[in-house]
Amino acid sequence: MTLPVLHKAIFGAGANDFYYIKTSDAYEGIKAQTGLEKVADPKGTEEIIPVKELLRTGIVWRIGIRYKDSSGKRKSSHLLIVKGKLAGLFGDNAADQLEDKDYKLAGTVKGKIEAISGRRKATFF
C-alpha cells in the first residue's frame, strides 16, 4: 500500500500556496508544467486542504493524459494541474507542454506522455 505524500500547489511569487495529501508521486519531473510538487521536508505547519475542495473551487483542475508504457502499450491516467498552468499546456510554448515528458509513479518511469486528452472538470452533486 502506498503511503500518503504531502504535495504543494504553487501559484508563483506573492501568491498563497495550497497543500494537499495524495498517495502517488506522479508529479516528479513535471512540476514546471503542472505547478504541483512533492514537499520534500514538511514542517507540520501546513494547512492541508482536501483535493476535492481544491477541485471544487477551481484552484486545481484534473486533466487526462495518454502515455505509452515500456512495452509500447497505450495507457491513460489523470493528473492534477494548477489553473494558471492550463493555458501553457494547450499553448504553443514547448517548455510548458507535457508531451514527451516522462510519467513517473513512485520514482519509476511508467512511460512517455504522448498527448493530453483534455480537461476534466470535477462534478459534485
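Predicted, not measured: the structure shown is a model, and the values here were computed from it.

Engineer: I'd like a rundown of the pattern of salt bridges, residues and numbers included.
Structural biologist: Under the criterion given, the structure shown has five salt bridges. Among the ionic pairs, lysine 75 bridges to aspartate 69, the shortest N-O distance being 3.7 Å. The partly exposed category is assigned to lysine 75, whose relative accessible area is 37%. The class for aspartate 69 is buried, based on a relative accessible area of 16%. For aspartate 102, the salt bridge identified is with lysine 112, shortest N-O distance 3.1 Å. Separated by 10 residues along the polypeptide, aspartate 102 in strand S6 (residues 102-105) and lysine 112 in strand S7 (residues 108-120) bring together distant segments of the chain. A residue is classified by how much of its surface remains accessible, and aspartate 102, at 29% relative accessible area, is partly exposed. Lysine 112 gets classed as partly exposed once you look at its relative accessible area, which sits at 43%. Members of the salt-bridge network, linked through shared partners, are Lys68, Arg74 and Glu114.

Engineer: Hey, could you go over unusual backbone geometry for me, with residue numbers and the actual values?
Structural biologist: The phi torsion at aspartate 100 lies on the positive side, around 70°, for a residue other than glycine. Counting through the fold element by element, aspartate 100 comes out in the loop between helix H3 (86-89) and S6. For aspartate 100, a relative accessible area of 61% translates into the label exposed.

Engineer: Requested: an account of the environment of lysine 110, with residues and values cited.
Structural biologist: On the secondary structure map, lysine 110 appears in strand S7. Note on lysine 110: relative accessible area 36%, which makes it partly exposed. Setting aside its immediate chain neighbours within four residues, lysine 110 contacts Tyr67, Lys68, Asp69, Ser70, Tyr103, Lys104 and Leu105.

Engineer: Summarise the environment of glutamate 114; cite the residues concerned and give the values.
Structural biologist: Position of glutamate 114 relative to the elements: it lies in strand S7. Taking relative accessible area as the criterion, glutamate 114 reaches 33% and is therefore assigned partly exposed. Along the sequence, glutamate 114 and aspartate 102 sit 12 residues apart, while their C-alpha atoms lie 9.6 Å from each other. With sequence-adjacent residues up to four places away left out, glutamate 114 is seen in contact with Arg66, Tyr67, Lys68, Arg74 and Glu99. A distance of 3.4 Å separates the side chain of glutamate 114 from the side chain of arginine 74, its partner in a polar contact.

Reading the values: the criteria
- Residues numbered from 1 in each chain as written.
- Predicted model: local features only at pLDDT ≥ 70, side-chain atom pairs only at ≥ 80, totals over all residues.
- Heavy atoms only, no water.
- Salt bridge = Lys/Arg side-chain N within 4 Å of Asp/Glu carboxyl O.
- Buried < 20%, exposed > 50% of the residue type's maximum accessible area, 1.4 Å probe, protein only.
- Helix = DSSP H or I, 4+ residues; strand = E, 2+ residues; numbered from the N terminus.
- Contact = heavy atoms within 4.5 Å.
- Polar contact = N/O pair within 3.5 Å; in protein donor to acceptor, adjacent residues only side chain to side chain.

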